[in-house]
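# Structural features, examined
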Amino acid sequence: MSTDILSRSPGARLMAIGGVPLAFLAYAAFAFSDASVRLLDGALSPFQLTFTGALLGLVALPFVRTPGDRMRDVFSATRRSLWLARAIGSSISTISSVVAFTRLPMPEAFALIFLMPLLVTLLSMLFLHEQIGRFRWAAVGIGFVGVLMVLRPGLRAFHLGHAAALTCALSSAIVIVLFRAGGAGEKRISMLGAGLVGPLVINGALLIWLQAFRWPDGHEMLLLASYGLLAILGQALLMLAAQRVEVSRIAPPQYSQMIWAVGLSYLVFHQHVDAPTFAGIAVIIGAGLLTWAREQVRLPSWRRRFALRPR
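Residues numbered from 1 in each chain as written. Predicted model: local features only at pLDDT ≥ 70, side-chain atom pairs only at ≥ 80, totals over all residues. Heavy atoms only, no water.

Counting its regular elements, the protein contains 16 helices and zero strands. For the protein, buried positions account for 51% of its 311 residues. For the protein, restricting intrachain contacts to residue pairs at least 6 apart in sequence, the fraction spanning at least 24 positions comes to 88%. Only carbon and sulfur atoms are counted for the fraction: they give 70% of the accessible area of the protein, which is about 14300 Å². (Helix = DSSP H or I, 4+ residues; strand = E, 2+ residues; numbered from the N terminus. Buried < 20%, exposed > 50% of the residue type's maximum accessible area, 1.4 Å probe, protein only. Contact = heavy atoms within 4.5 Å. Areas by Shrake-Rupley, 256 points an atom, 1.4 Å probe, with all protein chains shown as cover.)

The structure is reproduced here in structure tokens:
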């Protein structure tokens, strides 16, 4: 890193980081946010968690404004249908992830959510007309094999936690593709706001309807704050990454979350990870890193940024 970059303010340094490193930072923030959910261990309603997380996320809005932005621009959009779709998709993603990490060990939940890169690749090809090469298809396929090695379907019973993790993978992939589809003409505060307003309104309504609210104690409040603030940090970083590079390139760094998941399982939750799971994790991470390394040399920098724009 050059001395010029080091001399900049923290905000300027963040803006100077490329899309792929930003994605790695985003997924680290998500991993620790999910660990906060696991530590709560179902003590609070998932609707309360997601509502509180979105409420805390509003704190970040003033910091993502660009000159000339107003707070009411949270609801502005050049394509309102995309804004609404992002709001709904973000709500589904957050509630399903909370259910998944409450009911599953972290490595197992992440393994299912790691289907998201495959889904992003498919969606970006179908809706953004991105060109997906054979090497990348092969790497995604290898990653999917690694997921199967971790889960070993047929040897374990599937339940609501697994269904929630799959739902999280699909809805998250849709949100990432929507970021790219509407990113060229949308204000940053509007794109981030959609991911907050959706969970705030939808899960807030469900929380009232189901009468599932209860006051958390001091320890639970700290975990709620950790969950909400880290989640919005991850979402903001992922949004910036999606604006810098094509969406199929910010999917592979998601595999780095598995490293965090295994470390937290041992150090925090004292959960054993067996040999087949480790083998599957190695395959998943290897496939993701191969894809990322290939993308660094596959195209010149100007083509990596502009060649795969939505048509």
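All right, on to the packing of aromatic side chains then. Counted under the stated rule, the structure contains five aromatic pairs. Summarising the aromatic geometry, the rings of Y27 and F30 are spaced 6.2 Å apart at their centres and angled 50 degrees between planes, so their arrangement reads as tilted. Remark: F30 and Y27 occur in helix α3 (residues 19–40); sequence separation between them is three residues, near one turn of the helix. Look at Y27 and you get buried, because its relative accessible area is 2%. Ring centres of F101 and F110 lie 4.9 Å apart, and the angle between their planes is 65 degrees; on these two criteria the pair is classed as edge-to-face. Residue F101 shares its accessibility class with F110, and that shared class is buried. (Phe/Tyr/Trp six-rings, centres within 6.5 Å; stacked < 30°, edge-to-face > 60°.)

For the rest of this paragraph, the subject is unusual backbone geometry. Here the phi dihedral of D41 falls at roughly 55 degrees; this positive angle occurs in a residue that is not glycine. Since its relative accessible area comes to 52%, D41 is described here as exposed. In this structure, Q211 takes a positive phi of about 50 degrees despite not being glycine. With a relative accessible area of 71%, Q211 lands in the exposed category.

Here we take up the nonpolar core. In terms of nonpolar packing, the biggest core is built from 73 residues, with L49, M106, F110, I250 and M258 touching the most fellow members. Of all the elements, helix α12 (residues 218–244) adds the most residues to this core, at 11 residues. When neighbours within four sequence positions are excluded, M106 is seen to be in contact with A31, D34, A35, R38, F101, A261, L264, S265, F269 and Q271. (Core = buried A, V, L, I, M, F, W, Y, C linked by side-chain atoms within 4.5 Å.)

Summarising the element assignment, L39 is placed in helix α3. Each C-alpha atom, one on L39 and one on E220, is 9.0 Å from the other, the two residues being 181 residues apart in sequence. Contacts of L39, omitting those with residues within four sequence positions, involve L223, V268 and F269.

Moving on to the packing of α3 against helix α6 (residues 80–103). At their nearest, the axes of α3 and α6 sit 8 Å apart, and the two run at 60 degrees to each other. Accordingly, the angle class assigned to the pair α3 and α6 is oblique. Two packed elements cross with a definite hand, and for α3 against α6 that hand is right-handed. Across the interface between the two elements, D34, V37 and R38 of α3 pack against V98, F101 and T102 of α6. For the contact of α3 with α6, the per-class residue count stands at three nonpolar, one polar and two charged. (Axes fitted to C-alpha atoms, helices over the stretch in contact; angles between N-to-C directions. Parallel < 35°, antiparallel > 145°, perpendicular 65-115°, else oblique. Left-handed = near helix turned anticlockwise from the far one by under 90°. Nonpolar A, V, L, I, M, F, W, Y, C, P; charged D, E, K, R; others polar.)

Attention now moves to the pattern of salt bridges. Scanning the model with the defined rule gives three salt bridges in all. For R152, the salt bridge is made with D274, and the minimal N-O distance between the two is 3.3 Å. Taken together, the residues span a long stretch of sequence, with R152 in the loop between α9 (134–151) and α10 (160–183) and D274 in the loop between α14 (256–267) and α15 (275–298) at a distance of 122 residues. The shortest N-O distance in the salt bridge between R214 and E220 comes to 2.8 Å. According to the relative accessible area criterion, R214 is partly exposed, its value standing at 35%. For E220, a relative accessible area of 8% corresponds to the buried category. (Salt bridge = Lys/Arg side-chain N within 4 Å of Asp/Glu carboxyl O.)

On to α9. The end-to-end C-alpha distance of α9, which contains 18 residues, comes to 26 Å, matching closely the 26 Å that a straight helix rising 1.5 Å per residue would cover. Here α9 has its buried residues at R136, A139, V140, G143, G146, V147, V150 and L151. Mapping the buried residues of α9 onto a view down its axis gives an arc of 130 degrees, with all of them on the same face. At the exit of α9 stands R152, carrying a positive phi of roughly 50 degrees. (Expected span 1.5 Å × (residues − 1). Arc of directions from axis to C-beta.)

Residue position: Q257 is located in helix α14. With a relative accessible area of 3%, Q257 lands in the buried category. With near-sequence residues (within four places) excluded, Q257 lies in contact with Y27, F30, A31, D34, F110 and F114.

With that settled, the discussion passes to the environment of L112. Following the sequence through the fold, L112 ends up in helix α7 (residues 106–113). In this structure the C-alpha to C-alpha distance between L112 and L148, which are 36 residues apart in sequence, comes to 8.9 Å. If we ignore the near neighbours within four places in the chain, the residues touching L112 are L151, H162, A165, L166 and A169.

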